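Chains, contacts and geometry: an overview
Chain residues, written in single-letter form:
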Amino acid sequence: MAPRFLQSLVPRREKRNGGGTLRALKSLTFLQILQFITGWLAWTCDAFDFFCVSLSVNTLAADFDKEPGQITTAITLTLLFRSVGAVIFGILSDRFGRKWPLVANLAIVCSIEIGTSFVKTFTQFLAARALFGIAMGGIWGLAASTALENLPVELRGLGSGIVQQGYACGYLFASVINLTVVPHTSHSWRALFWAAACLSSSTAVLRALTPESAVFLRAKAIEKAHGGHAPGEKTKIFIRETKAMLKAHWKLCIYAVLLMTGFNFLSHGSQDLYPTYLETSKGFSSHSATIATMISNCGAISGGAIAGWASQYIGRRLTIVIFILLVGAFIPLWILPKSFSALAAGAFCVQVGVQGAWGVVPIQLAEMSPPAFRATFPGVAYQLGNMISAASAQIEAVGGQNFRTTVTVNGVKKNVPDYATVQGILIGVVAAYLIVITILGPENHAAHFENAKTAFEEGAGADEMEDDDVLEKPRSIRELDGKDDDEVA
C-alpha cells in the first residue's frame with residue numbers, strides 16, 4: 001500500500017451528472033466570460049512587457065554599451081520589487097473589490113511602459129524596470145481572482161490553465177512584435193514598449209467597463225441589509241481579520257512561498273535567457289531565436305490548458321507532478337541538439353511541462369488560500385517566490401562565464417558561455433525540488449471559496465462562510481440538480 005501522503009494526491013472522485021465540463025461551459029453568462037477575459041488579458045499585458053527585456057538583451061546591451069549580464073540586472077530588479085506591488089494591490093483588492101484596483105494597476109503599468117520607451121541612460125532604464133516591478137506585482141493576484149472566482153467549480157481547473165497561459169501568450173505576442181515590427185523601425189526595442197502600452201491601456205478600459213465581481217457585489221448587498229459599517233470601521237475590521245488570518249495560517253504562508261520559489265525558478269530559469277542562449281551558445285540569429293521562442297510558447301499554451309483541465313479530474317498536485325516529470329524527461333532535447341528543428345522541438349516539449357505545471361498554480365493557490373484573502377495571499381506568495389528567484393537570469397549569466405563551449409559562426413570558432421549546461425543543471429535541480437514540495441503540500445480540491453465572507457466582514461480571518469440563505473447563486477452547476485460536489489462515486 002502506498003504511503004498516505006501519496007494516496008492523498010488523488011482527490012475523491014466527484015459524482016458527475018451528465019454533461020460535465022461541456023454543460024458547465026454552456027451555463028456561462030456573458031458577464032462571467034467577460035470577467036474571465038479581462039483577467040486573462042491583464043496577465044497577458046504583464047507578461048508582454050516583462051519579456052520585452054528578455055527578447056532584447058543583446059540589443060539593449062549594444063544600445064547602452066553594457067554586457068548582457070549587466071542588462072539582466074533589469075530583470076532581477078523587476079522580480080525583486082514585484083512583492084511590493086502584490087502586497088499593495090492585493091490588500092486594495094481584498095478590501096475594496098476587484099475592479100478599480102485592477103484598473104488603476106493597469107493604468108500605472110501603461111504609464112511606466114511609455115516612460116521606459118523614452119529613457120536615455122542605463123540608470124534610467126533600471127529605475128523604470130524597478131518601478132514596473134511594483135506595478136507588475138499587483139497584476140497576477142487580481143487577474144487570477146477576477147478570472148476564477150466567478151466561474152463554476154467544474155471550470156476552474158481549465159480556467160486556471162488558460163488564465164495562467166496569458167503569461168505565455170504575452171511572451172508570444174511580444175515575440176511576434178519583435179519579429180515583425182522591431183527589425184523594420186528605427187526605434188528598435190522601444191517599439192516593443194509602445195505596443196505593450198497600447199495593450200495595457202485597452203485592457204484597463206475594458207475592465208473599467210466590466211461590472212464588479214459578483215462576490216463583492218453580494219458582500220455589499222449583505223452589508224447594506226444589515227445596516228452597513230462606516231468606511232473607517234470596515235478598515236478596522238479588515239486589519240483585525242488580516243491579523244487573525246496570519247495567526248491561523250502562518251505555516252501555510254511559509255509553504256506557499258517555498259512552493260512559488262520553486263515554480264518561479266523553473267519558469268524564469270527556462271525562459272528569461274532562452275533567446276540569449278540560442279544566439280550565444282548555439283550560434284543562431286536573433287530571428288531564429290525569436291521563432292524558437294514562439295514555438296516554445298505554443299507548447300506552453302497547450303500544456304497549460306491541458307494540465308488545468310486534467311487537474312479537475314486527477315487533482316492539482318498529481319497533475320503538477322506529472323508535468324514536472326515531463327520537464328525532466330525532455331531536458332536532454334532542450335540542451336543537446338545543434339539543429340534548429342531539434343532545439344525548437346525540445347523547447348516546445350519542455351514548455352509543455354513547465355507551463356503545464358504552472359497552469360494548475362492559480363487554482364491550487366486560490367483553493368489553498370484563506371478564502372477571504374485570495375487576492376492578497378496568492379499574489380504575495382507568488383511574488384515573494386519571484387523575489388527569491390529574482391537572480392535566476394544572473395545566476396545563469398554568471399554560470400555561463402564559468403561553463404564555456406565553442407561554436408562555429410560563419411566559419412570562425414568562438415569561445416562562448418555554455419548556457420545549455422547551466423540551464424540543464426538549474427532546471428533539473430529545481431524540478432526535483434518541486435516534485436518533493438508539491439507531494440508534501442496540502443490540497444483543497446474543488447473548494448467553494450466564492451461562498452466565503454469577504455475580508456472586510458467579521459469572521460473572514462477565521463475562514464467563515466456566508467449563511468446559505470444569503471447566497472443567491474448555486475455553488476456549482478451540479479447543485480442545479482440538487483447534487484453537492486462532496487458526493488463521491
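The rules behind each value
- Residues numbered from 1 in each chain as written.
- Predicted model: local features only at pLDDT ≥ 70, side-chain atom pairs only at ≥ 80, totals over all residues.
- Heavy atoms only, no water.
- Phe/Tyr/Trp six-rings, centres within 6.5 Å; stacked < 30°, edge-to-face > 60°.
- Helix = DSSP H or I, 4+ residues; strand = E, 2+ residues; numbered from the N terminus.
- Buried < 20%, exposed > 50% of the residue type's maximum accessible area, 1.4 Å probe, protein only.
- Lys NZ or Arg CZ within 6 Å of the ring centre and 35° of its normal.
- Lys, Arg positive; Asp, Glu negative; His and termini not counted.
- Salt bridge = Lys/Arg side-chain N within 4 Å of Asp/Glu carboxyl O.
- Contact = heavy atoms within 4.5 Å.
- Core = buried A, V, L, I, M, F, W, Y, C linked by side-chain atoms within 4.5 Å.
- pLDDT = per-residue confidence, 0-100.
- Axes fitted to C-alpha atoms, helices over the stretch in contact; angles between N-to-C directions.
- Parallel < 35°, antiparallel > 145°, perpendicular 65-115°, else oblique.
- Left-handed = near helix turned anticlockwise from the far one by under 90°.
- Expected span 1.5 Å × (residues − 1).

1. Overview of the packing of aromatic side chains
- Per the stated rule, a full pass over the model turns up 19 aromatic pairs.
- Seen in terms of ring centroids, Trp 43 and Tyr 382 are 6.0 Å apart; in terms of plane orientation they differ by 70°. Their pairing is edge-to-face. Here Trp 43, found in helix H3 (residues 30-54), pairs with Tyr 382, found in helix H17 (residues 376-388); they are 339 residues apart in sequence, far enough to count as distant. Tyr 382 carries the same exposure label as Trp 43, and that label is buried.
- Taking the centre distance of 5.2 Å and the plane angle of 55° together, the rings of Trp 309 and Tyr 313 count as tilted. Pair noted here: Trp 309 and Tyr 313 are both in helix H14 (residues 286-314), with a separation of 4 residues, about one helical turn.
- Given the relative accessible area of 35%, Tyr 313 is considered partly exposed.
- Through a chain of ring-to-ring contacts, the aromatic side chains of Trp 43, Phe 50, Phe 51, Trp 140, Tyr 167, Tyr 171, Phe 263, Trp 358 and Tyr 382 assemble into a single cluster.
- The ring of Phe 50 is capped by Arg 82, whose NZ or CZ atom sits 5.8 Å from the centre of that ring.

2. Observations regarding the side chain of Glu 113
- Structurally, Glu 113 can be placed in helix H6 (residues 99-117).
- Of the side chains bearing the opposite charge, Arg 129 lies closest to the buried Glu 113, which forms no salt bridge; the N-O distance is 6.9 Å.
- Those residues in contact with Glu 113, other than ones at most four positions away along the chain, are Cys 45, Asp 49, Phe 193, Ala 196, Ala 197 and Ser 200.

3. Some details on the nonpolar core
- Of all hydrophobic cores here, the largest spans 114 residues; its most connected members are Phe 125, Met 260, Phe 263 and Tyr 277.
- With residues up to four places along the chain from it excluded, the contact list for Phe 125 reads Val 53, Leu 60, Phe 64, Ala 74, Thr 116, Val 119 and Trp 189.

4. A look at the confidence of the model for the protein
- Confidence in the prediction for the protein averages 85 pLDDT; 89% of positions are at 70 or higher.
- Segment residues 469-489 is flagged for pLDDT under 50; beyond a separation of four residues in sequence, or across chains, it makes 44 contacts in the model.

5. Digging into the packing of helix H13 (residues 274-281) against H14
- Contact geometry for H13 and H14: axes closest at 9 Å, N-to-C directions at 140°. Here H13 lies oblique to H14, going by the angle between them. Between H13 and H14 lies a crossing whose hand is right-handed. Where H13 abuts H14, its residues Tyr 274, Pro 275, Leu 278 and Glu 279 lie against Ser 286, Ala 289, Ala 292 and Thr 293.

6. Thoughts on the packing of helix H9 (residues 166-180) against H14
- Relative to each other, H9 and H14 sit at 155°, their axes nearing to 9 Å. Relative to H14, the element H9 is oriented roughly antiparallel. At the point where H9 passes H14, the crossing takes the left-handed sense. Residues Ala 168, Cys 169, Tyr 171, Leu 172, Ser 175, Val 176, Asn 178 and Leu 179 of H9 lie in contact with H14, whose contacting residues are His 287, Thr 290, Ile 291, Thr 293, Met 294, Asn 297, Ala 300 and Ile 301.

7. Looking at the pattern of salt bridges
- One pass over the structure, following the stated rule, counts 5 salt bridges.
- Measuring nitrogen to oxygen at the nearest pair gives 2.8 Å for the salt bridge that ties Arg 316 to Glu 367. Placement of Arg 316 in helix H15 (residues 316-335) and of Glu 367 in helix H16 (residues 340-368) is noted, with a sequence separation of 51 residues between them.
- The exposure class of Glu 367 is buried, given its relative accessible area of 3%.
- Where Glu 443 meets Arg 317, a salt bridge forms, and the shortest distance between an N and an O atom there is 3.1 Å. Highlighted residues: Glu 443 in the segment after helix H19 (419-440) and Arg 317 in helix H15, separated in sequence by 126 residues.
- Residue classification places Arg 317 among the buried positions, given a relative accessible area of 3%.

8. What to know about H17
- Compared with the 18 Å implied by 1.5 Å per residue over 13 residues, the 18 Å span of H17 between its first and last C-alpha is a close match.
- With 10 of 13 residues buried, H17 lies mostly within the body of the structure.
- Those residues of H17 not exposed but buried are Thr 376, Phe 377, Pro 378, Gly 379, Val 380, Ala 381, Tyr 382, Gln 383, Gly 385 and Asn 386.

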